[in-house]
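Report on the structure
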Amino acid sequence: LTTLVLSENILDDEKIRRLVVGLRDNYSITSLDLAHNKISDRGVRALCKCLGKESVIAHLNLCDNQIHSEGGKFLGRALQTNVALVLLNVRLNRLGEKGGCYLFEGLKTNSQLVTLNVSGNGLGDGSGQGEAVRVFAAMVRVNGSLRAVDMSSNSLGAEGGVIVRDALEENRTIVNLDVRVNKMSDE
């Protein structure tokens, strides 16, 4: 068994804790799909115990759960030491600016993640003055593994678009960046 798909199963934090017990000695499941469930920050905290240095999970889909800023903190910490994860999807959660900052901070030292989807997480307020876009830009300048990033639908604003553009000028690895629906200017 290399792929475990548990999307749309009404999994909550308690069920995730039980799953983590079963995954503790996992050496075969490399793709874990937990999309469209009821996983909150507590569930992510438990799940991150499976994402340490010994993890073999390469694809993790947490799309459309109930993950907020604390979940972003736990994922960011896990990404600092994780060497297996190449795809992380946290689309349609509620990370907010703070959670986005935590996640992007963790990616500054991560050298494995290739694909990141953070669309629809409320990372900006539309003004471009938010901290998450600045931390993202700082991460983009030093991260050498990301190839595709989806930051669509986050209200990054016109100034946020300029900040991201300037950071991309220093990045040679990102080849696909989706920033649709972010209230950016035409420039």
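Before reading on, note that the structure itself is shown above.
Below is a summary of the structure that appears in this document. (Residues numbered from 1 in each chain as written. Predicted model: local features only at pLDDT ≥ 70, side-chain atom pairs only at ≥ 80, totals over all residues. Heavy atoms only, no water.)

1. Comments concerning the pattern of salt bridges
Definition in use: Here a salt bridge means any side-chain nitrogen of Lys or Arg lying within 4 Å of a carboxyl oxygen belonging to Asp or Glu. Counting from the N terminus, the helices are the DSSP runs of H or I reaching at least four residues and the strands are the DSSP runs of E reaching at least two. Here's how the labels work: a residue is buried when its accessible area is under 20% of the maximum for its type, exposed when over 50%, partly exposed in between, all with a 1.4 Å probe on protein chains only.
Enumeration according to the criterion identifies 8 salt bridges in this entry. For the salt bridge of Glu-14 with Arg-17, the shortest nitrogen-to-oxygen distance reads 3.1 Å. Taken together, the positions of Glu-14 and Arg-17, both in helix α1 (residues 13–23) and 3 residues apart, correspond to about one turn of that helix. Glu-14 gets classed as partly exposed once you look at its relative accessible area, which sits at 31%. In this structure, Arg-134 and Glu-159 form a salt bridge, with 3.1 Å as the shortest nitrogen-oxygen distance. Placement of Arg-134 in helix α5 (residues 131–142) and of Glu-159 in helix α6 (residues 157–168) is noted, with a sequence separation of 25 residues between them. For Arg-134, a relative accessible area of 33% translates into the label partly exposed.

2. Re the sheet that holds strand β1 (residues 3–5)
Threshold: Here the rule is simple: two strands pair whenever DSSP picks up at least two bridges between them. To obtain each axis, a line is fitted to C-alpha atoms, and for helices this fit is confined to the stretch in contact; angles are then taken between N-to-C directions over 0 to 180 degrees.
Ordered by their spatial adjacency, 7 strands build an open sheet running β1-β2-β3-β4-β5-β6-β7, and the pairing between neighbours is parallel. At either end of the open sheet lies a strand with only one pairing partner, and these are β1 and β7 (176–178). On average, adjacent strands in this sheet sit at an angle of 0° to one another, irrespective of strand direction. With 3 bridges joining them, strand β2 (residues 31–33) and strand β3 (residues 59–61) adopt parallel strand pairing. By the bridge assignment for β3, Asp-33 is matched with Asn-61.

3. Here's the deal with the nonpolar core
So the rule is basically this: Here, the term nonpolar core denotes a set of buried Ala, Val, Leu, Ile, Met, Phe, Trp, Tyr and Cys residues that are joined through side-chain atoms within 4.5 Å. Two residues form a contact once any of their heavy atoms are found within 4.5 Å.
Counting residues in each nonpolar core, the largest one holds 51 residues, and the members touching the most others are Leu-34, Leu-60, Leu-62, Leu-88, Leu-103, Phe-104 and Leu-116. Breaking this core down by element, the ones donating at least two residues are α1, α2 (41–47), α3 (69–81), α4 (96–107), α5 and α6. With residues near it in sequence (within four places) discarded, Leu-60 still touches Leu-32, Leu-47, Leu-51, Leu-85, Leu-87, Leu-88 and Asn-89.

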